[in-house]
Amino acid sequence: MAVIRDVMPAFELLQPSSVDEAHRVLQQHAGGVWVLAGGLDTFDWLKDRIKRPQTVVDLSGIEELRGIRSTSDGVEIGAMTTLTEVMQHPVIQQQYSLLSEAASVVASPQIRNQATIGGNVSQDARCWYYRAGWPCYRAGGNICYADTPEGRNREHAILHADRCVAVNPSDTAPALIALEAKFVIRTRQGERVVNAEDYFIGPDIDITRLHILEAGDLLTSIQLPSRWAGAKFYFEKVRDRNVWDFPLLNVASALLLAEGKIERLRIAVNAAAARPLRLTAVENAVRGMPANAATGEMAGKVAVKGAVPLQFNAYKIPLMRNLVKRAIGGVEEAKWAS
Amino acid sequence: MGFLASPLQWATDPWGKLVPIHIAWFLIWVSAIAGLLFLVIHATYVRYFAKPRQFAVEGSGLPASAIPSRVPRHSLAARLFHWVMALAMLTLLFTAFLPKVGFQFPWVTYHWIAGVVLTASILFHILHASFWLDFWSIWPDKIDITDACHRFLRFVGRDAAPPRKFAKYPLENKLYHGAILATGLSAIGTGVLMMFRVRTVFFPRNPYLFSDMTWGMMYVLHGLAGVGLIAMVTVHIYFAIRPEKIPITKSMIFGWMSRDFYLEEHDPHRWMVDSTAASPHSAQTEA
């Protein structure tokens, strides 16, 4: 593991007070700039001296990036809104409890007070080989140290691995995908709005990033449409230590029922791949079926099709199967047959 | 600053050793610009400065009518090989370098599949050329070297005998073939071994097959061969579409070249065409 030195290398700190100013600053320094949100991911990198940006742009002084606002079609959450604010906001709790639940299980209360939703969805991979500064694929090198017979890969990917087997560690990301959220990004060309699932990319597309933000881009807000407000939600996170840990796997689903049958479902899992996975095959398979254990059982099997375990993470396959099963059939009905 | 930077990228491996990891990606632009520069200079030279070509006048001893109007040049198998190889090569170049210059897509699977196709086609070509074609026709011979010297002397204004007409392949073709052979085989050899680092259907992954240093050198060689091929393929395509080379390009499509072109460019003593040989379209061959 890397030695934490606690003294960060020197960098130029810029603290814009508006989105326009931040955008201008990011364009000017696009090459060697680092965007600082809550700092939970950033300070690990900087203190370990593995990332050495020349310029850090601190977004904490931009008020317009904070807060949760009602819109004509749902709510809009500023990218710098803390996870505690997201978790405690009455509209989120009442209409989008999936997101408040996901936010409530991120790390610890102290971290949630500081961490932002924009940072949570944009954080980097937690693979320790990568975080230790070794020259792996994700760091621009030509090897994955985790995907070897001896590699410590218990937490790594079972799906869509492509050279790199690191996973996306965000808890809010699958909830946002299930809620059909849209991410608003300020780019060089102007404002761009993307679907939540399109914000994330796997190593097959770009092995050095987990999301689509280019240098100079800024995630400004996340929009939740009213379409799924008040739906039947399910979120579950499995982790080694319940007090504070990244997910071994999590699942988020939003379900609309009509006469006991599944009218529409959106379901996503994270920590199974380098990007949160929307399980469209499951969504299609269960449409029109009753939301019970049998449907959940079938959905679980569909969900893990194509999974390839590494040396130490085969447990993730039954884990994912059962989380999907519980997301559809409910905890009470689920039978831990596998 | 890019051009002043190291042509290789280095990293420290877990054992503290400095190892190369791959080439610096600015070499993509170096190669692309070199290829384009070559063709601009060549086109300018041919258009404004080149003197008309002059060959030594030697009778073939054959009446022109003894040569078929369509001279067979490439068999169907040879042409199929060429175009399969070309398709695989272009796929390899695009899948390798487009992501490096900003066009993101899932390239790895396409890349190794194209690499497998290229490898298979090259193996076929080696066997085909060794046992069914005139193997030595693509390698420079003594006459090529002598004529090249004469051409150079005449180019710099010195007295020298005019060169003879070409055998089946001009010297430039032969040299290009040699260069593409060396570069292509470097890319293929390293590429096949690099497949041990990704998941394929052929063999289990084994990233520890070689040391970090050996792997690094392999990635560097693969990268250098790859960027070298950008310039080489650019130059190849440029010559293929030059007006005076079109008959050669057409012969790679249809299998034959015209009797006039054959007699104008090629020495029937050095590339003997069986006067009774049928062209790929024998029904249209004149007596």
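Residues numbered from 1 in each chain as written. Chains lettered and ligands numbered in written order. Predicted model: local features only at pLDDT ≥ 70, side-chain atom pairs only at ≥ 80, totals over all residues.

**Points about the interface of chain A and chain B**
Definition in use: Contact between two residues is assigned whenever their backbone-derived C-beta positions fall within 7 Å. Each residue is assigned to one class: nonpolar for Ala, Val, Leu, Ile, Met, Phe, Trp, Tyr, Cys and Pro, charged for Asp, Glu, Lys and Arg, and polar for all the others, Gly among them.
Opposite the twelve residues of chain A that make contact, chain B presents 16 residues. When the residues that make up the side of chain A that touches chain B are grouped by side-chain class, the tally is four nonpolar, three polar and five charged.

**As for the sheet that holds strand β3 (residues 55–58) of chain A**
Residues and elements named next belong to chain A. Where we set the bar: At least two bridges found by DSSP between two strands is the condition for calling them paired. Secondary structure elements follow DSSP: runs of H or I of four or more residues count as helices, runs of E of two or more count as strands, with numbering from the N terminus. To obtain each axis, a line is fitted to C-alpha atoms, and for helices this fit is confined to the stretch in contact; angles are then taken between N-to-C directions over 0 to 180 degrees.
The strand order across the open sheet formed by three strands is β1-β3-β2, and the pairing between neighbours is parallel. Pairing within the sheet leaves two strands with one partner each, and these edge strands are β1 (12–14) and β2 (33–36). Strand-to-strand twist of the sheet, defined as the mean angle between neighbouring strand axes without regard to direction, takes the value 25°. Two strands pair when backbone bridges link them, and β2 and β3 are joined in this way by four bridges, in the parallel orientation. Note on β3: the bridge partner recorded for V33 is T55.

**Observations regarding the nonpolar core**
Convention followed: Nonpolar cores are identified as sets of buried Ala, Val, Leu, Ile, Met, Phe, Trp, Tyr and Cys residues joined via C-beta atoms within 7 Å. To sort residues by exposure, count the other C-beta atoms lying within 10 Å of each residue's C-beta; 20 or more gives buried, 12 or fewer gives exposed, and values between give partly exposed, all with C-beta atoms placed from the backbone.
Counting 103 residues, the largest nonpolar core has L98(A), L179(A), A272(A) and V324(A) as the members making the most contacts within it. For this core, the leading source of residues is helix α13 (residues 316–329) of chain A, giving seven residues. Leaving out residues up to four positions away in the same chain, L98(A) has contacts with A175(A), A178(A), L179(A), F233(A), F235(A), A252(A) and A254(A). Among the nonpolar cores identified, the runner-up in size contains 18 residues, and A88(B), L92(B), A225(B) and I230(B) belong to it.

**Focus: the pairing of strand β10 (residues 249–258) of chain A**
Residue and element names in this part refer to chain A. Counting buried residues along β10, seven of its ten residues qualify, which places the element largely inside the surrounding structure. Both strand β9 (residues 232–238) and β10 contribute to a ladder of seven bridges, which runs antiparallel. Of the residues in β10, the one forming a bridge with E236 is V251. Here nine bridges tie β10 to strand β11 (residues 261–270), and the two strands are oriented antiparallel to one another. By the bridge assignment for β11, N250 is matched with N270. What sits between β10 and β11 in their antiparallel hairpin is a turn of two residues, with E259 showing a positive phi close to 55°.

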